Amino acid sequence: MTTQRPILKYFKDDILSGNSLIVKSGCGQYRLSLPNEENRTGELHIDTGIWFASDLQLPKNSNVKWQITDEYLLFYKIEDKQNISTHQLR
């Protein structure tokens, strides 16, 4: 994940609430909460609520990887392996 550029990042101090990192939509109605644990990673499906929480910045109806560093919450695109051909054209 370190060689890939993040598609979205949040400065942790801006979204820190207690022991959680909370990403909220501009109106505050939609939220994504993750534990504030450095070096933690995971995969997340972006449904409509999370899409709104990210202010429409994460790719809707797809999966992304997330990573928590000492300063940031980072999101990375997951390449669609089904669209990668293993056959050569002649």
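In case you missed it, the structure is sitting above this.
Nothing here was measured: the structure is a model prediction, and the numbers come from that model.

S.K.: Quick question: what am I supposed to make of the pattern of salt bridges here?
M.R.: Any two side chains of opposite charge can pair if their charged atoms end up close together. For the structure on display, the rule yields 1 salt bridge. Across the pair E37 and R40 runs a salt bridge whose closest N-O atoms are separated by 3.1 Å. E37 gets classed as partly exposed once you look at its relative accessible area, which sits at 40%. Overall, R40 belongs to the partly exposed group, its relative accessible area being 36%.

S.K.: Just checking my understanding: could you explain the sheet that holds strand β5 (residues 41-45) for this structure?
M.R.: Pairing between the strands of a sheet is mediated by backbone hydrogen bonds and can be parallel or antiparallel. On the basis of which strands lie adjacent, the open sheet formed by 4 strands has the order β1-β7-β6-β5 and antiparallel pairing. Looking at strand neighbours, the two that pair on one side only are β1 (8-11) and β5, the edges of this open sheet. Across the sheet, the mean angle from the axis of one strand to that of its neighbour is 20°, orientation sign disregarded. Strand direction decides the pairing type here: strand β6 (residues 63-68) and strand β7 (residues 72-77), joined by 5 bridges, are antiparallel.

S.K.: Looking at this model, I keep getting lost on the environment of K65. Mind explaining?
M.R.: Within the secondary structure, K65 sits in strand β6. When its relative accessible area of 35% is taken as the criterion, K65 is described as partly exposed. Separated by 23 residues in the primary sequence, K65 and G42 place their C-alpha atoms 5.7 Å from one another.

S.K.: Where do I start with the packing of aromatic side chains in this structure?
M.R.: A ring pair, where both rings are aromatic, is described by two values, the distance of the centres and the angle of the planes. For the coordinates displayed, the defined rule picks out 4 aromatic pairs. Relative to Y72, the ring of F11 lies with its centre 5.7 Å away and its plane at 65°, an arrangement referred to as edge-to-face. With F11 in strand β1 and Y72 in strand β7, this residue pair connects regions lying 61 residues apart in the sequence. Pairwise contacts between aromatic rings join Y30, W51 and F52 into one cluster. Positioned above the aromatic ring of Y72, the side-chain terminus of K9 is 4.7 Å from the ring centre.

S.K.: Explanation requested: the environment of I46 in the structure shown.
M.R.: Topologically, I46 is positioned in the loop between β5 and α2 (48-53). Separated by 12 residues in sequence, I46 and L58 place their C-alpha atoms 7.1 Å apart. Once you skip the residues sitting within four places of it in the chain, I46 turns out to touch W51, L58, P59, K60, N61, S62 and V64.

S.K.: Would you explain the nonpolar core in this entry?
M.R.: Taken as a class, soluble globular proteins show a tendency for nonpolar side chains to be buried jointly. The biggest cluster of nonpolar side chains holds 16 residues, and the ones touching the most others in it are Y10, L32, L44, W66, L73 and F75. Within the residue set of this core, elements represented by two or more residues are β1, β3 (20-24), β4 (31-35), β6 and β7. Per-element tally for this core: the top contributor is β6, with 3 residues. Excluding residues within four positions of it along the chain, L32 makes contact with L21, I22, V23, L44, I50, A53 and F75.

What counts, and where the lines are drawn
Residues numbered from 1 in each chain as written. Predicted model: local features only at pLDDT ≥ 70, side-chain atom pairs only at ≥ 80, totals over all residues. Heavy atoms only, no water. Salt bridge = Lys/Arg side-chain N within 4 Å of Asp/Glu carboxyl O. Buried < 20%, exposed > 50% of the residue type's maximum accessible area, 1.4 Å probe, protein only. Pairing = 2+ DSSP bridges. Helix = DSSP H or I, 4+ residues; strand = E, 2+ residues; numbered from the N terminus. Axes fitted to C-alpha atoms, helices over the stretch in contact; angles between N-to-C directions. Phe/Tyr/Trp six-rings, centres within 6.5 Å; stacked < 30°, edge-to-face > 60°. Lys NZ or Arg CZ within 6 Å of the ring centre and 35° of its normal. Contact = heavy atoms within 4.5 Å. Core = buried A, V, L, I, M, F, W, Y, C linked by side-chain atoms within 4.5 Å.

No statement about biological role is implied by the geometric values presented.
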